[in-house]
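Breakdown of the fold
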Amino acid sequence: MPDPSAVDDAVAVFTDLREEGRELDALVERLPGPDWARPTPAPGWTIAHQIAHLHWTDRASLLSLTDTAGFGHMVQEALKAPDSFVDDGAREGAAQPPAELLTRWRETRGALAQALAEAPPDTRFPWYGPPMKAASMASARLMETWAHGQDVADALGVRRTPTARLRHVARIGVRARDYAYAVRGLPAPDGEFRVELTAPDGAEVWVYGPPEAAQRITGPALDFCLLVTQRAHRADLALTATGADTDRWLDIAQAFAGPAGAGREPGAGRQAEAVREPEAGRGAEAGREADAGREGGAGR
């Protein structure tokens, strides 16, 4: 019998993934066609590329859950162009009319949400890296949706309100510590770090690692999530490292699979700080008036 707490966590991440998708959808649903061509902080990627990439990866996830043979074919196609298949998928999707792209993303997003909820909780499904359970796949999709949504928000000059959904992104970032070293050919430090992050509500603190750990990181959860998804430079974030190892980790941390990206230049991660949040239900249009590794691509 599944662990009840694990089942509860899975239900929470499935719900949070749907909400994260809806929030990004609200940013783009009323965008005039020309605005889909706005450049985002990811070099060479417009808003259309960002949504197209999310649609491409959501579709891959859906195939993994529902059509193993179809997913295998998608992997074989990727292996033909291992250095460009992520960009190729985004470019192909971005060439579609914006309304068509948005409809396809919504349909795939909805089908994926249903497939995740119906998937056997202990089954591991194939992926470009190690196989994943449905809850882990949902967490990864949420992380990437949030990260690429940040690119869209930055392109539109919109400051989003951080939510408790960031706990999924933060958890991936902490768990990916050793991977960040490995992908750079570096040895991981011995022992665990203590990470204490102030939740967006300002009252709760999310903690990871043993309380007695000498190596520690503290700061806002939002800043940690921006760092590990490479959506802001460390110099622009209020994160404090205690110990040489944690200080080094903050320079290389990443929550996404695949090669380390170039990240953001100092000052680029706070470009939306001065603008007002979009009014509820009005999407990116209100914001204007007021002012991803190879397997996931969130580090782009």
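The shown structure was predicted, so the numbers you read here are calculated from the model rather than taken from an experiment. (Residues numbered from 1 in each chain as written. Predicted model: local features only at pLDDT ≥ 70, side-chain atom pairs only at ≥ 80, totals over all residues. Heavy atoms only, no water.)

**Some points on the environment of Ala99**
Mapping Ala99 onto the fold places it in helix α5 (residues 98-118). Linking Ala99 and Glu29, residues 70 residues apart in sequence, is a C-alpha distance of 8.6 Å. (Helix = DSSP H or I, 4+ residues; strand = E, 2+ residues; numbered from the N terminus.)

**A look at the packing of helix α2 (residues 47-66) against helix α3 (residues 68-80)**
Following both chains from N to C, one finds α2 and α3 inclined at 135°, their axes separated by 6 Å at the closest point. The orientation of α2 relative to α3 falls into the category oblique. Residues Trp56, Arg59, Ala60, Leu63, Ser64 and Thr66 of α2 pack against Thr68, Gly70, Phe71 and Met74 of α3. For the contact of α2 with α3, the per-class residue count stands at five nonpolar, four polar and one charged. (Axes fitted to C-alpha atoms, helices over the stretch in contact; angles between N-to-C directions. Parallel < 35°, antiparallel > 145°, perpendicular 65-115°, else oblique. Contact = heavy atoms within 4.5 Å. Nonpolar A, V, L, I, M, F, W, Y, C, P; charged D, E, K, R; others polar.)

**A word on the packing of aromatic side chains**
Overall, the coordinates contain eight aromatic pairs when judged by the stated rule. Considering the side-chain rings of Phe193 and Trp249, the 5.6 Å spacing of their centres and the 55° angle between planes classify their relative orientation as tilted. Linking Phe193 in the loop between α8 (177-182) and β3 (194-198) with Trp249 in helix α10 (residues 244-252), this pair joins segments that are 56 residues apart in sequence. For the residue pair Phe193 and Trp249, the accessibility class agrees, reading buried in each case. Of the aromatic side chains, those joined through ring pairs into one cluster are Trp56, Phe71, Phe85, Trp127 and Tyr128. Here the basic side chain of Arg177 rests over the ring of Phe193, its NZ or CZ set 4.4 Å away from the ring centre. (Phe/Tyr/Trp six-rings, centres within 6.5 Å; stacked < 30°, edge-to-face > 60°. Buried < 20%, exposed > 50% of the residue type's maximum accessible area, 1.4 Å probe, protein only. Lys NZ or Arg CZ within 6 Å of the ring centre and 35° of its normal.)

**Quick look at the nonpolar core**
With 62 residues, the main nonpolar core has Leu65, Leu116, Tyr128, Phe224 and Trp249 as its most contacted residues. It is helix α6 (residues 134-156) that provides the largest number of residues to this core, a total of seven residues. Excluding residues that lie within four positions of it along the chain, Phe224 makes contacts with Ala170, Gly173, Val174, Leu197, Leu239 and Trp249. One finds Val28, Ala48, Ala155 and Leu156 within the second-largest nonpolar core, a separate group that totals 19 residues. (Core = buried A, V, L, I, M, F, W, Y, C linked by side-chain atoms within 4.5 Å.)

**Let's talk about the pairing of β3**
Looking along a regular strand, one sees the side chains alternate between the two faces of the sheet. Pairing analysis gives five bridges linking β3 to strand β5 (residues 216-220), with the strands arranged parallel. Residue pairing for β5: Glu196 is matched across the bridge by Thr218. As judged from the four bridges shared by β3 and strand β4 (residues 205-208), these two strands associate in the antiparallel manner. Of the residues in β4, the one forming a bridge with Glu196 is Val207. Taken together, β3 and the strand that follows it, β4, pair antiparallel across an intervening segment of six residues, in which Gly202 is found at a positive phi of about 80°. (Pairing = 2+ DSSP bridges.)

**A word on α5**
Relative to the 30 Å expected for 21 residues at 1.5 Å per residue, α5 spans 30 Å between its end C-alpha atoms, a close match to the ideal helical length. Listing the buried residues of α5 in full gives Leu101, Leu102, Trp105, Thr108, Arg109, Leu112, Ala113, Ala115 and Leu116. With its buried residues spanning 165° around the axis, α5 presents them on a single face. The outward face of α5, more than 90 degrees from its buried face, is lined by the exposed residues Ala99, Glu107 and Glu118. (Expected span 1.5 Å × (residues − 1). Arc of directions from axis to C-beta.)

**Examining the layout of surface pockets**
Leftover empty space is mapped by rolling, across the atoms, a probe with the size of a water molecule. By volume, the second largest pocket is sized at about 380 Å³. Contributing elements (two or more residues each) for the lining of the second largest pocket: α2, α3 and α4 (85-94). (1 Å grid on protein atoms, 1.4 Å probe; cavity = no way out; pocket = protein on both sides within 12 Å on 5 of 7 lines; lining within 4 Å. Points joined across faces, edges and corners; volume = space filled by probe spheres on them.)

**Things to note about α6**
Here α6 spans 32 Å end to end across 23 residues, near enough to the 33 Å set by a 1.5 Å rise per residue. Counting buried positions along α6 gives 20 out of 23 residues, so the element sits mostly inside the fold.

**Some thoughts on the side chain of Gln215**
Relative to the helices and strands, Gln215 is located in the loop between β4 and β5. Reaching out from Gln215, the side chain makes a polar contact with the backbone nitrogen of Thr246 at a distance of 3.1 Å. Setting aside its immediate chain neighbours within four residues, Gln215 contacts Phe193, Arg194, Thr242, Gly243, Ala244, Asp245 and Thr246. (Polar contact = N/O pair within 3.5 Å; in protein donor to acceptor, adjacent residues only side chain to side chain.)

**Focus: the sheet that holds β5**
Across the sheet, which stays open at both edges, the four strands sit in the order β4-β3-β5-β6 with mixed pairing between neighbours. Two strands close off the open sheet at either side, each with one partner strand: β4 and β6 (240-242). Pairs of neighbouring strands in the sheet enclose a mean axial angle of 10°, with direction left out of account. Running over the sheet, helix α9 (residues 221-228) touches β3, β4 and β5 and is turned about 110° from β5.

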